[in-house]
Amino acid sequence: MSPKTPSKLEKILSEGHLAVTSECGPPRGSDPQHIIDKGNLIKDYVDAINITDNQTSMTRMCSLAACIRLKLQGLEPVLQMVTRDRNRIAMQSDILGAASFDIHNILCLSGDHQSFGDCAQGQNVHDLDSMQLAQMARRMRDEGKFIGGDDIQRPPQMFIGAAANPFADPFEIRVARLAKKVAAGVEFVQTQCIYNLDKFEQWMTGVVERGLHEKVYILAGLTPFKSAGMARYMKNRVPGMDVPDAVVKRMADTPKDKQAQEGIQICIESIQRLKEVKGVAGFHIMAIEWEEKVPEIVESAGLYPRPAAA
Amino acid sequence: MQYPPSINIVRVPCTGKVDVLHILRAFEKGADGVCVIGCLEGECHFNKGNIMARRRVVQAQSVLDTVGIGGQRAQMFNLSSSEAPQFVKYAQEITAKIKEMGPNPIKLAKSRAA
Amino acid sequence: MIVAEKKPIEEIIECLKDRKSVLVLGCNECVTVCEAGGKKEVGVLASALRMHSLNQGQEVRIDEVTLERQCDHEYLEEIRDVIDQYDAVVSLACGVGVQFMAETYGQTEILPGVNTCFMGATEKRGLWTERCQGCGQCVLAVTGGICPVARCAKRLFNGPCGGSTSGKCEISKEVDCAWQLIVDRLKALGRLDEFENLFPIKDWSTDRAGGPRKVVREDVQQ
């Protein structure tokens, strides 16, 4: 697939390289240095950096502002946009704002329910859902039109992404759901973090059977465990997460002072295995508040140096 | 056997017939206490009447607490019809309790206002 | 039906401070079915208000009337002759009835006695759950009879989201994932292939967002 946008991420994927992305959470405040420092930590090890959008409904600096900060530093941001907090006017508006800074990647999400965060009494918007947002962004790019039909002056050139969760229920429609996203105009997906590699491979088999891997770039999501406690927490308390008992046991059987390293090791081993899975186009390494480990993971997994994008 | 003379008996075919309103109206009219006496749980002749009655007593207690009458003035006891001594015991218990709590505050409020 | 819940008695007592003559007005329809504002509930509330006032050494007149419903002028007329006797009316009807009463009897204080919650149904006695949000453009034919607007916490049209776990919504284990229900229903109806059809972007102008709504039928107007 030849690239349709100036996105560096799209270019690397279209050239057939395994792409690497990671993510940063903006600060719970207005300090720009926070984001710049995180970006600098990982910039040579990833092709693009996602900026989360009020993740788990905890109010933070907006993704757009943080993306602009990164762009001004010469980095490649991915604007995450949830439909929870904005109506269609605001979303189109923010996309134009991002485009005005030549930000070329957007990840379309619904967003965690606000009851998880610090504003449980607030409204949620969901004027559009994540698939409709992707459709809208695609139309803004390909037709140069607002959702209302008017022409956009200097249309945005967004490479359009979405999340995919092979582990949420019901499993039987998870491949169909990816097909739906492709039909909506999604061009790349980053999956929920993978611990159950068997189940992921099962999903990928279904995906490949339908030829979806040729229509959408699939980046396998990974999050290294910091501790056995974190493994248990993610297994039991995070919706849509599948952590096999064997993995928790492996963490638990490791002495406490070595657990962090074991978590990194599991992550690296997963990448090695996933490299061999047909249809996997890259990796999305989510090491929230542990960004300093991304370089080690990328290097040890044989993904360093990153290809230069012209 | 004798039960305290201050008790007025109202007979119903099943305590399931007792409505929340019956209990509340009694207090409106100045009763110091209301006691619902039903069959042992699981032995209701009409299946679950005594279970429903208990829930209504609880509801009445809540209302009575809210309006300052005192929810403990309404009580429910369970016994079988052959347990006359048990009936006397409950009757004495509730009479003692109500005596301790004093008269229905509505009566006092009336006389204070007069 | 419209499902409502009794307001705490304390709240109503507070609203009625200094009133000497109160009418507790029930409604025989929705609020009777969800046991919040029918004749029975009127009786309990009135009794509680009487006891409260007696306990303060005051003599407040508390009357009880239950109308067939409070959302039609004809029924509200039934109390026209007596309404002026009251300082306040506590209406146990849903928010619609309270407002209609206030519009009809603008000189009398009409206070709500219930919290109106949603449009829903009786799953079993004592359990009422939401089913409809009145979006004005019903899509139930497409979703096999399950509403994504009312039953999905994020009102997704192309769900489920990634938080659906074992058929339950991410917000609570007690809430069904609407999209799991829709998938199951489509499967049972032999229509699971429709799942891949993209739902077009919703027109919310007929929803609350478009402003207060009305339905007009000129063919039946007099």
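All values derive from a computational prediction rather than experimental measurement.

Caption draft 1: Structural view of the interface of chain C and chain A. Contact residues are listed per partner, giving 23 residues for chain C and 25 residues for chain A. Here the side of chain C that touches chain A is composed, by residue class, of eleven nonpolar, eight polar and four charged.

Caption draft 2: Fine view of the pairing of strand S2 (residues 48-51) of chain A. All names here are of chain A. With burial as the criterion, each face of S2 is covered, one bearing Ala 48 and Asn 50 and the other bearing Ile 49 and Ile 51. Where strand S1 (residues 19-24) and S2 come together, four bridges link them in parallel fashion. Across the sheet, residue Thr 21 finds its bridge partner in S2, namely Ala 48. Both S2 and strand S3 (residues 77-82) contribute to a ladder of three bridges, which runs parallel. Within the sheet, the bridge partner assigned to Asn 50 lies in S3 and is Val 78. In this fold, S2 hands off to helix H3 (residues 63-72), which returns the chain to S3; that crossover is right-handed.

Caption draft 3: Just helix H10 (residues 259-275) of chain A, in detail. Residue and element names in this part refer to chain A. End to end, H10 covers 24 Å across 17 residues, agreeing with the expected 24 Å (1.5 Å per residue, within 8%). Along H10, the residues classified as buried are Gln 259, Glu 262, Gly 263, Cys 267, Ile 268, Ser 270, Ile 271 and Leu 274. Packed against the buried residues of H10 are helix H7 (197-209), strand S7 (217-222), helix H8 (228-237), helix H9 (245-252), strand S8 (280-285) and helix H11 (294-300).

Caption draft 4: Region of the structure containing the domain arrangement of chain C. According to the domain assignment, chain C contains domain 1 (2-118) and domain 2 (133-209). Look at where the C-alpha atoms of domain 1 of chain C and domain 2 of chain C centre, and you get two points 37 Å apart.

Caption draft 5: How the structure looks around the pairing of strand S5 (residues 159-164) of chain A. Residues and elements named next belong to chain A. Burial analysis of S5 places six of its six residues in the buried class, which makes it a mostly covered element. Because side chains alternate across S5, one face comprises the buried residues Phe 159, Gly 161 and Ala 163, and the other comprises Ile 160, Ala 162 and Ala 164, equally buried. Pairing analysis gives four bridges linking strand S4 (residues 105-109) to S5, with the strands arranged parallel. Opposite Asn 105, over in S5, you have Phe 159 as the bridge partner. Bridge analysis of S5 against strand S6 (residues 188-191) gives four bridges, and the strand direction is parallel.

Caption draft 6: Region of interest: the sheet that holds S2 of chain A. All names here are of chain A. Read around the closed barrel, eight strands run S1-S2-S3-S4-S5-S6-S7-S8, paired in parallel fashion. Geometrically, the sheet is characterised by an average inter-axis angle of 30 degrees between neighbouring strands, direction not taken into account. Most of the contacts of H3 go to S3, to which it runs at about 175 degrees, and overall it touches S2 and S3.

Caption draft 7: Local environment of helix H4 (residues 88-100) of chain A. Residues and elements named next belong to chain A. With 13 residues, H4 extends 18 Å from end C-alpha to end C-alpha; this agrees with the ideal 18 Å at 1.5 Å per step. Those residues of H4 that sit buried are Arg 88, Met 91, Gln 92, Ile 95, Ala 98 and Ala 99. The buried residues of H4 all sit within an arc of 120 degrees when viewed along its axis, so they share a single face. Turned more than 90 degrees off the buried face of H4, the exposed positions are Ile 89 and Ser 100. Positioned one or two residues after H4, Asp 102 has a phi angle of 60 degrees, which is positive.

Reading the values: the criteria
Residues numbered from 1 in each chain as written. Chains lettered and ligands numbered in written order. Predicted model: local features only at pLDDT ≥ 70, side-chain atom pairs only at ≥ 80, totals over all residues. Contact = placed C-beta atoms within 7 Å. Nonpolar A, V, L, I, M, F, W, Y, C, P; charged D, E, K, R; others polar. Buried ≥ 20, exposed ≤ 12 C-beta atoms within 10 Å, placed from the backbone. Helix = DSSP H or I, 4+ residues; strand = E, 2+ residues; numbered from the N terminus. Pairing = 2+ DSSP bridges. Right-handed = clockwise from strand over helix to strand, strands pointing away. Expected span 1.5 Å × (residues − 1). Domains from an automatic or database assignment. Axes fitted to C-alpha atoms, helices over the stretch in contact; angles between N-to-C directions. Arc of directions from axis to C-beta.

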